[in-house]
Amino acid sequence: MTIIRRTLVAAATVAVLGASFSVLAQDIKPRIIRFGYGLNEQSNQGRATKVFAEAVEKASGGKMKVRAIGAAALGPDTQMQQALIGGAQEMMVGSTATLVGITKEMALWDTPFLISNPKEADILLDGPIGEKIKDKLQEKGLVGLVYWENGFRNLTNSKRPVTKLEDMDGIKLRVMQNNVFLSSFKTLGANAVPMAFSELFGALETKTVDGQENPYNTILSSKFYEVQKYLTVTNHVYSPWIVLVSKKWWDQLSKAEQKVLMDAAKTSRNYERKDTRDEASKAMADLKAKGMQVNELSPAEASRMRNKLTQVYTQIGNDVGMDLWNETQAELVKIRAQK
Ligand code: TK8
């Protein structure tokens, strides 16, 4: 009898303690932020994600925790975007180019040769035009915090050195899932195939595709030099990345929590752009050392390619709206005038 009573009392005590513990645990339970990205941990994207995570944790006193998940383990960009919209994932960083199906104005950043140096990139992306395009995401269920630098894109392939326009003929080239990239490379004569980044290494390795285009940093961090012999310096477009939040989730946060995320995003952006530029300035030499054969285009060939690529400008102007297109051109004229 006593034993049973004692057991019951003990059980009740445990239950009461258990209940109060779980209330306490709930109070201090940090908000977990699943933050997905496509490249590996050792890439510029991985390094900047770590900076973001540390800044969030520090500023929130540990109440907000970033669980960074790289190498497209949460799926390619387009899948993560949908998870954010649905509220199944909190955050990600990815290419603006894969967002075009959601917000057509993002196609502005796909314009070949729009941006010609990092200064123009920073002013355009962080200024009113970049903000305006970013704000368009809200009505689609996404909040854009900041743009990171992916960088100037260059061409690699396993078939032959591309020294003139005609060398593009018949090269099976992976492009991002984006119409401007698709038409740009078709215009150049390549056999362009849209494909998620997460499938790219395998496709290059098995020769499902012959080539791809990405900044030096990515060619290096994703080890494309193992499966691509030739690199042509084309700098054909400046690509941004964008840090995104699920709007469904964002709307549940306090103003203070939103500020923690925004401040940390800016810290990570400043770090990321510098880190990416430092790495890019050394990466070409690294790629050569890894055995890649690198060639620059003669000025005549570069301008032949450039002229071909400007043919897609009308399509982009129509897609993003002529007002935005003209405003961007005017802004660039202004930036270029202030030396
Ligand atoms: C990484 C991609 C990558 C992009 C591409 O997820 O797909 O080629 O340049 O950086 O966003």
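Definitions and limits used
Position labels on residues start from 1 in each chain and follow its written sequence. Only residues with pLDDT of 70 or above have their local features reported here, since the model is predicted, and side-chain atom pairs are shown and tallied only from 80 upward, although totals for entire chains, interfaces and linings are computed over all residues. Here the side-chain values reflect all heavy atoms present in the structure, with hydrogen atoms and water set aside. The helix and strand labels rest on DSSP assignments: H or I over at least four residues marks a helix, E over at least two residues marks a strand, and numbering proceeds from the N terminus. Exposure is judged per residue with a 1.4 Å probe applied to protein chains only, and the accessible area is read against the type maximum: over 50% gives exposed, under 20% gives buried, and values in between give partly exposed. In this analysis, two residues are considered to be in contact whenever any of their non-hydrogen atoms come within 4.5 Å of each other. In short, Shrake-Rupley with a 1.4 Å probe defines the accessible areas, and a residue's cover is counted only from the protein chains shown. Charge counting follows a simple rule: Lys and Arg are positive, Asp and Glu are negative, and His as well as the terminal groups are ignored. We put the charge of a Lys on NZ, of an Arg on CZ, of an Asp on CG and of a Glu on CD. Two strands qualify as a pair provided that DSSP identifies no fewer than 2 bridges between them. Note on geometry: axes are C-alpha line fits, over the in-contact stretch for helices, and angles between N-to-C directions span 0 to 180 degrees. Convention used here: angles under 35 degrees read as roughly parallel, angles over 145 as roughly antiparallel, angles from 65 to 115 as roughly perpendicular, and any remaining angle as oblique. Polar here means any residue other than Ala, Val, Leu, Ile, Met, Phe, Trp, Tyr, Cys and Pro, which are nonpolar, and Asp, Glu, Lys and Arg, which are charged; Gly is therefore polar. Here a polar contact means two N or O atoms within 3.5 Å. Within protein one must be a hydrogen donor candidate and the other an acceptor candidate, and residues neighboring in sequence count only if both atoms are side-chain atoms. For the handedness criterion, the strands are oriented away from the viewer, and a crossover whose path from the first strand over the helix to the second runs clockwise is classed as right-handed. Only one rule defines a salt bridge in this text: a Lys or Arg side-chain nitrogen within 4 Å of an Asp or Glu carboxyl oxygen.

### A short note on the overall build of the protein
Helix and strand counts for the protein come out as 13 helices and eleven strands. Counting only residues that meet the buried cut, the protein has 51% of its 339 residues in that class. Across the protein, every contact between residues at least 6 apart in sequence was considered, and the portion connecting residues at least 24 apart equals 74%. Entry remark: accessible area of the protein is about 15600 Å², with carbon and sulfur atoms responsible for 55%. Both charge centroids of the protein, one from 45 positive and one from 37 negative side chains, sit 4 Å from each other.

### Remarks on the sheet that holds strand 10 (residues 238-246)
Strand order in the open sheet formed by five strands is 2-1-3-10-4, with mixed pairing between adjacent strands. Because the sheet does not close on itself, it has two edges, and the strands there are strand 2 (64-69) and strand 4 (142-152). Along the sheet, successive strands turn relative to each other by an average axial angle of 20 degrees, direction set aside. Packing of helix 5 (residues 128-135) onto the sheet brings it into contact with strand 4 and strand 10, and relative to strand 4 it is tilted by some 130 degrees. Across the sheet, helix 10 (residues 255-289) touches strand 1 (31-36), strand 2, strand 3 (91-95), strand 4 and strand 10, and the angle it forms with strand 4 is around 5 degrees.

### Some points on the packing of helix 5 against helix 13 (residues 322-337)
In contact at an axis separation of 10 Å, helix 5 and helix 13 are set at 155 degrees when each is read in the N-to-C sense. Regarding the angle of helix 5 to helix 13, the classification is roughly antiparallel. Of the residues in helix 13, those touching helix 5 at Ile129, Lys132 and Ile133 are Leu324, Glu327, Thr328 and Glu331. Of the residues contributing to the contact of helix 5 with helix 13, the split by class is three nonpolar, one polar and three charged.

### Brief notes about helix 6 (residues 179-187)
Here helix 6 has its buried residues at Val180, Phe181, Leu182, Ser184 and Phe185. Sitting at the head of helix 6, Asn178 places a side-chain oxygen 2.9 Å from the backbone nitrogen of Val180. With its phi angle positive at about 100 degrees, Gly189 sits one or two positions after the end of helix 6.

### Details of the pairing of strand 2
The side chains of a regular strand alternate, first on one face of the sheet and then on the other. Pairing geometry for strand 1 and strand 2, over six bridges, is parallel. Of the residues in strand 2, the one forming a bridge with Arg31 is Met64. Crossover handedness for the path strand 1 to helix 2 (residues 44-59) to strand 2: right-handed.

### Some words on the pattern of salt bridges
Enumeration over the complete set of coordinates arrives at 22 salt bridges. Measuring nitrogen to oxygen at the nearest pair gives 3.4 Å for the salt bridge that ties Glu131 to Lys134. On the criterion of helical spacing, the pair formed by Glu131 and Lys134 is a turn pair, its members being three residues apart in helix 5. The class for Lys134 is buried, based on a relative accessible area of 3%. Residue Asp278 pairs with Lys274 through a salt bridge whose shortest N-O separation is 2.8 Å. You can see Asp278 and its partner Lys274 sitting in helix 10, four residues apart, about one turn around the helix.

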